[in-house]
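# Fold and geometry: a report
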Amino acid sequence: MPEPFDTRYDMTEAIAPAGSGGGPMDLTTPGPQTLKGGPRRGLGRLPLPWRKEPGRRSGGPAAPTGRGLWSDAWHDLRRNPVFVVSALTIFFLVVIAIWPQLIASGNPYHGDLARAQDGPAPGHPFGYDLQGRDVYTRTVYGARASITVGICATLGAALLGSALGGLAGYFGGWWDALLSRIADVFFGIPILLGGLVFLSVVTSGSVWPVVGFIVLLGWPQISRIARGSVVTVKEHDYVQAARALGAGSGRTLLRHIAPNAVAPVIVVATIALGTYISLEATLSFLGVGLKPPTVSWGIDISSAATQIRNAPHMLLWPAGALSVTVLAFIMLGDAVRDALDPRLR
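Calculation criteria
- Residues numbered from 1 in each chain as written.
- Predicted model: local features only at pLDDT ≥ 70, side-chain atom pairs only at ≥ 80, totals over all residues.
- Heavy atoms only, no water.
- Salt bridge = Lys/Arg side-chain N within 4 Å of Asp/Glu carboxyl O.
- Helix = DSSP H or I, 4+ residues; strand = E, 2+ residues; numbered from the N terminus.
- Buried < 20%, exposed > 50% of the residue type's maximum accessible area, 1.4 Å probe, protein only.
- Axes fitted to C-alpha atoms, helices over the stretch in contact; angles between N-to-C directions.
- Left-handed = near helix turned anticlockwise from the far one by under 90°.
- Nonpolar A, V, L, I, M, F, W, Y, C, P; charged D, E, K, R; others polar.
- pLDDT = per-residue confidence, 0-100.
- 1 Å grid on protein atoms, 1.4 Å probe; cavity = no way out; pocket = protein on both sides within 12 Å on 5 of 7 lines; lining within 4 Å.
- Points joined across faces, edges and corners; volume = space filled by probe spheres on them.
- Phe/Tyr/Trp six-rings, centres within 6.5 Å; stacked < 30°, edge-to-face > 60°.

## Describing the pattern of salt bridges
Scanning all chains against the criterion turns up eight salt bridges. Between Asp176 and Arg227 there is a salt bridge, with the nearest N and O atoms lying 2.8 Å from each other. Here Asp176 is found in helix α4 (residues 173-187), whereas its partner Arg227 is found in helix α6 (residues 207-233), with 51 residues between them in sequence. On the basis of relative accessible area, Asp176 is assigned to the buried category, the value being 12%. Close ionic contact of Asp184 with Arg181 constitutes a salt bridge, the shortest N to O distance being 2.9 Å. One end of the pair, Asp184, and the other, Arg181, are both in helix α4, three residues apart, so they sit about a helical turn from each other.

In structure tokens:
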């Protein structure tokens, strides 16, 4: 009985020697005749139905051969220690900004003048400030105002700048020229000087006037980034194909251009968030940003600046918390930029 067919071997056609007239193949012909080891040179691989092709599972569809931009970016970010450390730091800051009672049980407004400027003590690891308030509790509660200003200002500036810049880049013409000139006007205003002038006439000491001012002077930067990205993307073939198939301007912008042009905006906005937190602390330090009784790192740094020789702990802890927060957001923005920039792959 003949041996059963073994699918481990690659089968090839038996080619009769030239001039044999179609007769039986001469098994004494020189050259490799064995089936084991694959086809002879020159015959190539035959498309046999039982051969498994790379990337295909038996009885199933072909496996995906690549990932998109966002999948590649997430794949790189998960393996980037800078992103992991900065993301964990920001997550911790956001958690204590929402629920400061988790790690600080004291009252940030309660003061004991008998302990004014005292150093660290049991239960009060950061010491006391000028009014005898616990520096540790105020440092924890100060994260709420800074994180709120940074996130809200970044979202507002990103949405406004992306909308105006995207429309200018897509439609062009007089609309592009008008928005570009308006952006140039706001670019010409120094942001710190503008804050001193704008916020000096505002009596409210809440976070919302500061957020509104940062959005007012922060959208032109993101607008230019969004405009340049849209101008580049709208020339691609898939956008031209969508237009040829009758897609309207709104559908083309939202479905085809925006998802492929948003990456630079995300990178710039992430880096700008740390800058906005630093700007809020600077304005509060100068006395025109957040005002008491709001708990803010900038306010605490301003009140401790005159006592840096006598009680340096009053300044070091809120200043250190501010520096760590700004650094974490800048590191996160750098990691996101490296992951989303195709030129760095």
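## What about the packing of helix α3 (residues 135-171) against α6?
In contact at an axis separation of 5 Å, α3 and α6 are set at 35 degrees when each is read in the N-to-C sense. Judged by the sense of rotation from one axis to the other, the crossing of α3 with α6 is right-handed. For the contact of α3 with α6, the per-class residue count stands at 20 nonpolar, nine polar and one charged.

## Points about the confidence of the model for the chain
Scored by pLDDT, the chain comes out at a mean of 80, with 79% of its residues at no less than 70. Averaged pLDDT values for the elements of the chain fall to 79 in helix α1 (residues 69-77) and rise to 94 in helix α2 (residues 81-98).

## Notes on empty space enclosed by the protein
A complete count under the given rule lists one cavity of 30 Å³ or more for this structure. Taken together, Asp129, Val135, Arg138, Thr139, Asp300, Ser303, Ala304, Met314 and Pro318 make up the full set of residues lining the largest cavity. Counting residues per element, the ones that place at least two in the lining of the largest cavity are α3, α10 (297-304) and α11 (313-340). Counted by class, the lining of the largest cavity contains four nonpolar, two polar and three charged residues.

## Thoughts on the packing of aromatic side chains
Applying the stated criterion to the full structure yields seven aromatic pairs. Arranged with centres 6.3 Å apart and planes meeting at 90 degrees, the rings of Trp74 and Phe83 form a pair that is edge-to-face. Judged by relative accessible area, which is 13%, Phe83 ranks as buried. Taking 3.8 Å as the distance between ring centres and 5 degrees as the angle between the ring planes, the aromatic pair formed by Phe126 and Trp317 counts as stacked. Separated by 191 residues along the polypeptide, Phe126 in the loop between α2 and α3 and Trp317 in helix α11 bring together distant segments of the chain. Judged by its relative accessible area of 38%, Trp317 is partly exposed.

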